[in-house]
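Residue-level structural notes
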Amino acid sequence: MIQNQKSVATEYNRYPEIFKEINQIIPSPRQILSFGCSTGKECETLQELYFPNVKIIGLDINEKVITDNIKKNKYENIEYYFNLENITEKSDIIFANSVLCRWPENQGEYTFETFESTLEIIDNLLNKDGYLCIYNSKYLFSETNLFNTKYEKVNTSHKETGFVTKY
């Protein structure tokens, strides 16, 4: 898998406005994927506050972080993977929050090609008519070929796109 965000920094309930709104749009998904789940705080937040009893998959390229997540996991409905080929079912919602970027920005170049290639991977993990929630990315999803050929924008009350510099 392609390396996107290198940092594993995260926090519990980091994006409450986004989670609340997505929960109102699709309150009963069958499965959710946290793409770039890092230490699993997003998975725990989703399970505890927004989508109880929904299967939540945490995926991260960092094998050590995933191994730690598996050891500390106390939730029956959360599974963690570092190899996306182990994910056998597509998700109804995919969150890619603060992962399609490099932060701090001195962590190396993050190209549009990497962004688009990663979106192709994510798209293959999403059910038809599923929801892809991208926040705090280096580039705009609406500028990609994938968006223009396969997706439509969902109007939400959340207009702010994150703090990383957009290109």
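Right, let's walk through the structure included here. In this text the structure is predicted, and so the values were computed from the model without any measurement.

**Some words on the packing of helix α1 (residues 16-25) against helix α2 (residues 41-50)**
Packing of α1 against α2 leaves a shortest axis separation of 11 Å and a crossing angle of 50 degrees. By the criterion of interaxial angle, the relationship of α1 to α2 is oblique. When you trace α1 past α2, the crossing you get is right-handed. Taken together, the residues of α2 that come into contact with α1 (itself represented by Pro 16, Phe 19, Lys 20 and Asn 23) are Glu 42, Thr 45, Leu 46 and Tyr 50.

**A look at the pairing of strand β1 (residues 31-35)**
Judged by how many residues are buried, β1 sits mostly within the fold: five of five residues are covered. Judged by which residues are buried, β1 turns out to be covered on both faces: Gln 31, Leu 33 and Phe 35 on one side and Ile 32 and Ser 34 on the other are all buried. Where β1 and strand β2 (residues 55-59) come together, five bridges link them in parallel fashion. Residue pairing in the sheet places Leu 33 in a bridge with Ile 57 of β2. The parallel pair β1 and β2 is bridged by α2, and the resulting crossover is right-handed. In terms of strand pairing, β1 meets strand β4 (residues 91-97) through three bridges, oriented parallel. Along β4, the bridge assignment pairs Ile 32 with Ile 93.

So, how was this worked out
Residues numbered from 1 in each chain as written. Predicted model: local features only at pLDDT ≥ 70, side-chain atom pairs only at ≥ 80, totals over all residues. Heavy atoms only, no water. Axes fitted to C-alpha atoms, helices over the stretch in contact; angles between N-to-C directions. Helix = DSSP H or I, 4+ residues; strand = E, 2+ residues; numbered from the N terminus. Parallel < 35°, antiparallel > 145°, perpendicular 65-115°, else oblique. Left-handed = near helix turned anticlockwise from the far one by under 90°. Contact = heavy atoms within 4.5 Å. Buried < 20%, exposed > 50% of the residue type's maximum accessible area, 1.4 Å probe, protein only. Pairing = 2+ DSSP bridges. Right-handed = clockwise from strand over helix to strand, strands pointing away.

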